[in-house]
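A look at the structure
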Amino acid sequence: MASTQIKTVHAREVFDSRGRPTVEVEIACEGSRPGRAIVPSGASTGVFEALELRDGDAGRLQGLGVRRAVENVNTEIRSALVGRDATDQQAIDQLLIELDGTPNKSRLGANAILGVSLAAVYAAAEAEGTLAVEQFRRVWSEHQPDRPSSHLTSTSGLGVTQTLPLPMVNMISGGKHAGGNLDFQDYLILPVGATSYPQAFEWIVTVYQHVGQLLTKAGFEGVLVGDEGGFGPKLTSNEQALDFVVAAIEAAGLRPGEDVSIGLDVASSHFHHEGKYRLAATGDEELAASDVINLLEDWVNRYPIISIEDGLDEDDWDGWKELTSRLGSRVQLIGDDLFVTNKERLQRGIDSGVANSVLIKLNQIGTLTETLQTLRLALDNGYWPVVSARSGETEDTTIADLVVATGAGQLKVGSVARSERLAKYNQLIRLSENAEFGYAGGAIFESLS
Ligand code: 2PG
Ligand code: MG
């Protein structure tokens, strides 16, 4: 076996699915080819996320360049990393955290740090001649539970064996991801009744085609898609999107709620100002948290909704507590901007009975090790983890391999159009050929009433 000692570290500026610069890192071990990772980037970012370092030089790429982050990898980080063992992920990530020295990775940049953290996995895969999924599995095996979580019904089967995820897929986009007028960011489907990953994916693409056809037939610009490939029509209300999704599920010959359920990413931090939630689609309505909860509860009563993300603002802990006590036994309540993949924020949620699920985004926290710590904490406390892409993505397929390796159970990548999304779905199709990988699908929601 070749050496796993790091020999070279090299970063460059490449571009993501929105044409914005991002960081790519290549790491090679002694005697083997380099492994490579590319960092994603969000649009509806949470204020508590680790810092994405951008040049801020208005004269170049509107200030969005990442040359400083690239430079940080090619100088300081490279010097610290050469000679280290690429398979010692925790030591590498600890070194990166200490080298940066700030609580939110603002000195070297979370984009610089995450690129290195992930490229180390791919370098180890090259050195050892294994697949990425096997390397992610090896790293995850170092994050075993502190205590058995068999008392938890919701997540007891998760995180154990390598498992293909239940996909949560965007059909209609609004908010910061599309040019339409919807306040809510994502109207998604979850094929809860499918019994295999390939079947789940076929259902999804069939429903997606029907959404497009129904929108076109109804006279909307159904073919225009948002940042994540979901349709971005100018509808007359936030609720109308739900009607189109239900109609498309039926048009596909599937049963809403039994075969295919609905998920929402409200992404409400982005229409929350000074304690009020302002909905523009229905004529600048100003809602209190309790009104938003009432609205969501009404929708849960009338539509087959099984999952709601960021129903309330990233700092509205009281509202979230109320939301959780009202809906937490009926639907998955995901904290994205609320938790930002940060284990301290997730712990606060656990301690105060807020949410029952956490979105897992590597670049919100900035290293693989910290990401896996948050994933572990979620599973140990009965919170469903949902591994997620960002709205700005690339051909990097890390999250597909990561979600299978950890057996986290769910994956959110956006829609089934645009190749930065399909890169992940196609990787899952390849992984689904491995008969050893299981599929739990919608059975993970058995504890919901
Ligand atoms: C989200 C993500 C992905 P962004 O809010 O969940 O859909 O969006 O990457 O823009 O934060
Ligand atoms: Mg979100």
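Residues numbered from 1 in each chain as written. Chains lettered and ligands numbered in written order. Predicted model: local features only at pLDDT ≥ 70, side-chain atom pairs only at ≥ 80, totals over all residues. Heavy atoms only, no water.

For the rest of this paragraph, the subject is helix α1 (residues 67-81). Between the first and last C-alpha of α1 there are 20 Å, a value that for 15 residues agrees with the 21 Å anticipated at 1.5 Å per step. V73 marks the point of greatest bend in α1, at about 35°. Taken together, the buried positions of α1 are A69, V70, N72, V73, N74, I77, A80 and L81. A positive phi of about 95° marks G83, the residue just after α1. (Helix = DSSP H or I, 4+ residues; strand = E, 2+ residues; numbered from the N terminus. Expected span 1.5 Å × (residues − 1). Bend = angle between axes of the 7 residues up to and from the residue. Buried < 20%, exposed > 50% of the residue type's maximum accessible area, 1.4 Å probe, protein only.)

Let us look at the coordination of the magnesium ion (ligand 2). Distances from the magnesium ion (ligand 2) to its protein donors, D265 (OD), E309 (OE) and D336 (OD), fall at 2.0 to 2.2 Å. Read from N- to C-terminus, the donor residues coordinating the magnesium ion (ligand 2) fall into the pattern D-x43-E-x26-D. Of this pair, E309 sits in strand β11 (residues 305-309) while D336 sits in the loop between β12 (332-335) and α9 (343-351), and the two are 27 residues apart along the sequence. Here E309 and D336 have matching classes, each one buried. (Donors = N, O, S within 2.8 Å, 3.2 Å for Na, K, Ca; no water.)

Our next topic: the domain arrangement of the protein. According to the domain assignment, the protein contains domain 1 (6-130) and domain 2 (163-445). Measuring from the centre of the C-alpha atoms in domain 1 to the corresponding centre in domain 2 gives 27 Å. Across the contact, 33 residues belong to domain 1 and 32 residues belong to domain 2. Together, the buried faces of domain 1 and domain 2 total about 2600 Å²; carbon and sulfur atoms form 52% of this surface. (Domains from an automatic or database assignment. Contact = heavy atoms within 4.5 Å. Buried area = accessible area lost by both parts, 1.4 Å probe.)

As a further point, take the side chain of D310. Note on placement: D310 falls in the loop between β11 and α8 (317-327). Although D310 lies buried, it forms no salt bridge, and the closest oppositely charged side chain, K361, sits 6.5 Å away as judged by the N-O distance. Engagement of the side chain of D310 in a polar contact is seen with the backbone nitrogen of D336, the distance being 2.8 Å. (Lys, Arg positive; Asp, Glu negative; His and termini not counted. Salt bridge = Lys/Arg side-chain N within 4 Å of Asp/Glu carboxyl O. Polar contact = N/O pair within 3.5 Å; in protein donor to acceptor, adjacent residues only side chain to side chain.)

Judged by pairing direction, the barrel is mixed, and its eight strands sit side by side in the order β5-β6-β7-β11-β12-β13-β14-β15 before closing back on the first. Shown here is a sheet whose adjacent strand axes are inclined to one another by a mean of 30°, direction ignored. Relative to strand β6 (residues 186-190), strand β5 (residues 166-173) is paired through four bridges, and the arrangement is antiparallel. Residue pairing in the sheet places S173 in a bridge with D186 of β6. The strands that helix α13 (residues 419-431) touches are β5 and β15 (410-414); relative to β15, the one it contacts most, it runs at about 145°. (Pairing = 2+ DSSP bridges. Axes fitted to C-alpha atoms, helices over the stretch in contact; angles between N-to-C directions.)

Backbone-to-backbone hydrogen bonds pair the strands of a sheet. The strands run either parallel or antiparallel. Read across the open sheet, the three strands follow the order β1-β2-β3; overall the sheet is antiparallel. Each edge of the sheet is formed by a strand with only one pairing partner; in this case those strands are β1 (6-15) and β3 (35-38). The mean angle between the axes of side-by-side strands here comes to 20°, regardless of whether they run parallel or antiparallel. When β1 meets strand β2 (residues 21-29), the two strands line up antiparallel, connected through nine bridges. By the bridge assignment for β2, I6 is matched with C29. The strands touched by α1 within the sheet are β1 and β2, with β1 carrying the most contacts at an inclination of about 175°. Where helix α3 (residues 110-128) meets the sheet, it contacts β2 and β3, and its direction lies at approximately 35° from that of β2.

Core analysis: the biggest nonpolar cluster contains 141 residues, and I27, M171, Y187 and I308 have the highest contact counts within it. Looking at this core, you find at least three residues from each of domain 1 (6-130) and domain 2 (163-445). Not counting the four nearest positions on each side in its chain, M171 is found in contact with Y187, L188, I189, I204, V207, Y208, V211, G230, F231 and V245. (Core = buried A, V, L, I, M, F, W, Y, C linked by side-chain atoms within 4.5 Å.)

Turning our attention to the site of ligand 1. What surrounds ligand 1 is a group of 16 residues, the closest being A43, H177, R390, S391 and K412. The side chain of H177 places a nitrogen or oxygen atom 2.7 Å from an oxygen atom of ligand 1. Protein chains bury 99% of the 310 Å² of accessible surface belonging to ligand 1 in isolation. (Near = heavy atom within 4 Å. Areas by Shrake-Rupley, 256 points an atom, 1.4 Å probe, with all protein chains shown as cover.)

Closest axis-to-axis distance for the α3/helix α4 (residues 132-140) pair is 9 Å, and the angle between their directions is 115°. Here the hand of the crossing between α3 and α4 comes out right-handed. In contact with L118, V121, Y122, A124, A125 and E128 of α3, α4 contributes A132, Q135, F136 and R138. A per-class count over the contact of α3 with α4 returns seven nonpolar, one polar and two charged. (Left-handed = near helix turned anticlockwise from the far one by under 90°. Nonpolar A, V, L, I, M, F, W, Y, C, P; charged D, E, K, R; others polar.)

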